[in-house]
Amino acid sequence: MAISVQNLIKERKYPFIFSLLALILITSLLLTKTQSPIAFTLGLVQSRSQSTSPSPPPLVQIFPTSNPGPGQPPPVHDPLSWSLCNGAVAADYIPCLDNFKAIKALKSRRHMERKERHCPERSPRCLVPLPRGYRVPVPWPKSRDMIWFDNVPHPKLVEYKKDQNWVRKSGEYLVFPGGGTQFKDGVTHYIEFIEKTLPVIEWGKRTRVILDVGCGVASFGGYLLDKDVITMSFAPKDEHEAQIQLALERGIPATLSVIGTQKLPFPDNVYDLIHCARCRVPWESDGGKPLVELNRILRPGGFFVWSATPVYLNDERHQTIWNCFLYCPMVALTESICWKVVAKGVDSSGIGLVIYKKPVSSSCYETRKDNIPPMCDQNNGQNISWYTPLDSCLAPLPVDGMGNSYSWPAPWPKRLNSKPPHLSAERDAEEIFYEDTEHWSALVLDVYLEGLAINWSSVRNVMDMNAGYGGFAASLRDMPLWVMNVIPVNGPDTLSVIFDRGLIGIYHDWCESFNTYPRTYDLLHSSFLFKNLTQRCDIIEVAAEMDRILRPGGFVLVQDTVEMINNLTPIFRSLHWSVDLYQEQFLVGKKGFWRPDGRS
């Protein structure tokens, strides 16, 4: 016989009724939970490896909330769980250069392969610890001459170079004499000696953008700033302990790179001058590929300055070079690529100098007796030098639509806002360029410098993560800072235009780690970058990389869509950054000293 609720009530069997109702309620809740999409997750996009293995559980879960008040980012309910990176190099961890498993598995190390990029299949989601005693960096310009030792606690370079006086420890500081045995009369004297040897160089006018190969602690580039010259200093990681880290801590532009088996991440024909002071690069090795690579990135009509110092006179190999000054393999190699010696000399301190000039047209290549190195097949050329093997051939030099050689950019600072020689010849390209310049000038002046909670007086090292034509950097020209302009490899290639403007930059894929030490930038700027990334990698991992390269006390400035800002805000807050939203499109984050181990 069926049991009715009415009969149960009559018989006063209340405990049974309450149990039945509770059972019905629980069943209803369980069914609702399994059938309703009550949460969405971040972190489900596969990494660049496109692995077919099962995805790990998402590390962040954000539940929908009611609309926040005007100007307020959405609150975070379940913040991301972070952990510290561990290991002996954790505080200085560079994922793509510290992948020891990949380095150990290399089949060859003959051409500096161990110093090249070997990125893990998935970017790390750990946070680098701070060195013990880390503090806010010494401000510019004082930082050019001294930095806190505890911020870069590497005594080996001080010991290794004690006889050459690159850097010395003085109490709580590392001090940079700005000369030493490398430049006995000081860097300023050496810089003036170069221009005196070849006056047409005209520091800060004709010569604005240069590359310093094997830069040491980058004192050469640091002092050239006084001449209105911007220098991209580069060296391999740990060739001499932490030299690039020291340069960036000083507030001097620098990056980690090596001429090994792959092209440098710069465009063709962009550097006004390349400098190499007593660097030990074997230019003639592997058929001259290292020097052919310098030829690729040197602007037609640009100069290669190669100097030798007396410090190596007791070294047999370098003594041979010194005595010959232009040793035979180098003579044959430079002649084969049509470089001409335009000046040489020795200064009062014994520094020897030779200056080569690259041709302005391909006519010399065509009249060589031997076609070695051969001319490149332009049909196989790649526009972006990213994971691209070194060439063993010469690319024809560029010409304009009328067949004329490309002209040298206008003198600095006029070149900053003049039509760039590498600007696309497509219709409306020039109009778009000038409109972009005006847009950034107005935005930076009216919003970035006045309307946002950024202490610009504390900003020295700046990175534009999606630089376009370099308008953001150009608009900051009068500020005491410098900008590393990054062109993502999966977007339009405008990096040549940036160099034409007298600015520096580099190619990069933001689904991988950047070639720099942790804590090396004061401000990271991103304008509509993330949309193109979300289809290829996880923005949580990009945020972890931003945290890695940003100094404590530094700022992140993001301009993006409302949807993307809503996605980024909880991730930034999970890093314990302070976050503010302006005009519903500008997100400003400030990194503190918090680390996952509980210190703050």
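Residues numbered from 1 in each chain as written. Predicted model: local features only at pLDDT ≥ 70, side-chain atom pairs only at ≥ 80, totals over all residues. Heavy atoms only, no water.

The protein chain carries the name Methyltransferase in an unreviewed UniProt entry, which gives Rhododendron griersonianum as its organism. Listed in UniProt under the heading Sequence similarities (unreviewed entry), the comment for the protein chain reads: "Belongs to the methyltransferase superfamily." (UniProt positions renumbered as here; feature names shortened; annotations may be inferred.)

Visitor: What exactly am I supposed to notice about the pattern of salt bridges here?
Guide: Side chains that differ in sign of charge can pair as their charged atoms come close. The tally for this structure, following the rule as stated, stands at 25 salt bridges. The partner of R296 in a salt bridge is E293, with the nearest N and O atoms 2.8 Å apart. Here R296 pairs with E293, and both are found in helix α8 (residues 285-297), just three residues apart, close to one helical turn. Just as R296 is buried, E293 falls in that class too. One network of salt bridges, in which partners are shared, links R122, R125, D538 and E541. (Salt bridge = Lys/Arg side-chain N within 4 Å of Asp/Glu carboxyl O. Helix = DSSP H or I, 4+ residues; strand = E, 2+ residues; numbered from the N terminus. Buried < 20%, exposed > 50% of the residue type's maximum accessible area, 1.4 Å probe, protein only.)

Visitor: Looking at this structure, I do not really get the side chain of R125. What am I missing?
Guide: Along the chain, the position of R125 falls in the loop between α3 (100-104) and β3 (146-148). At 2.4 Å, the side chain of R125 forms a polar contact with the side chain of D538. Within the local environment of R125, its side chain forms a polar contact with the side chain of E541, the two groups lying 3.3 Å apart. (Polar contact = N/O pair within 3.5 Å; in protein donor to acceptor, adjacent residues only side chain to side chain.)

Visitor: Looking at this structure, how should I read the side chain of Q243?
Guide: Mapped onto the fold, Q243 is located in helix α7 (residues 243-250). With sequence-adjacent residues up to four places away left out, Q243 is seen in contact with L157, W166, G216, V217, A235 and P236. (Contact = heavy atoms within 4.5 Å.)

Visitor: Hey, could you run me through α8 in this one?
Guide: Because each turn of an α-helix spans 3.6 residues, side chains separated by three or four positions in sequence point in the same direction. Over its 13 residues, α8 extends 18 Å from the first C-alpha to the last, a length consistent with the 18 Å expected when each residue adds 1.5 Å. Three or more residues of α8 are buried, namely G288, P290, L291, V292, E293, L294, N295, R296 and I297. (Expected span 1.5 Å × (residues − 1).)

Visitor: Just checking my understanding: could you explain the nonpolar core for this structure?
Guide: One recurring pattern in soluble globular proteins is that nonpolar side chains are buried together. Counting 129 residues, the largest nonpolar core has W283, F304 and Y448 as its most contacted members. Once you skip the residues sitting within four places of it in the chain, Y448 turns out to touch W440, L443, W456, F472, H525, L557, Q559 and F586. Counting residues in hydrophobic clusters, the runner-up holds 22 residues, among them Y190, F220, V229 and I351. (Core = buried A, V, L, I, M, F, W, Y, C linked by side-chain atoms within 4.5 Å.)

Visitor: Teacher, can you tell me more about the packing of aromatic side chains here?
Guide: Think of a pair of aromatic rings as described by two things: how far the centres are apart, and how the planes are tilted against each other in angle. This model, assessed by the stated rule, comprises 20 aromatic pairs. Of the aromatic side chains, those joined through ring pairs into one cluster are W283, F304, W339 and Y356. Its guanidinium or amino end placed over the ring of W412, R208 lies 3.6 Å from that ring's centre, counting from NZ or CZ. The positively charged end of R299 is found above the aromatic ring belonging to W408, 5.8 Å away from the centroid. (Phe/Tyr/Trp six-rings, centres within 6.5 Å; stacked < 30°, edge-to-face > 60°. Lys NZ or Arg CZ within 6 Å of the ring centre and 35° of its normal.)

Visitor: It is not clear to me how the sheet that holds strand β19 (residues 586-590) should be interpreted in this structure. Could you clarify?
Guide: Read from one edge to the other, the open sheet built from seven strands follows the order β15-β14-β13-β16-β17-β19-β18, with strand pairing classed as mixed. Both edges of this open sheet fall to β15 (505-508) and β18 (578-582), since each of them pairs with a single strand only. For this sheet, the mean inter-axis angle between neighbouring strands, taken without regard to orientation, is 20°. Two elements, strand β13 (residues 461-464) and strand β16 (residues 521-527), share three bridges in a ladder whose sense is parallel. Bridged to V462 within β16 is L523. Together, β17 (550-559), β18 and β19 form the strand contacts of helix α16 (residues 562-574), whose direction differs from that of β19 by roughly 10°. (Pairing = 2+ DSSP bridges. Axes fitted to C-alpha atoms, helices over the stretch in contact; angles between N-to-C directions.)

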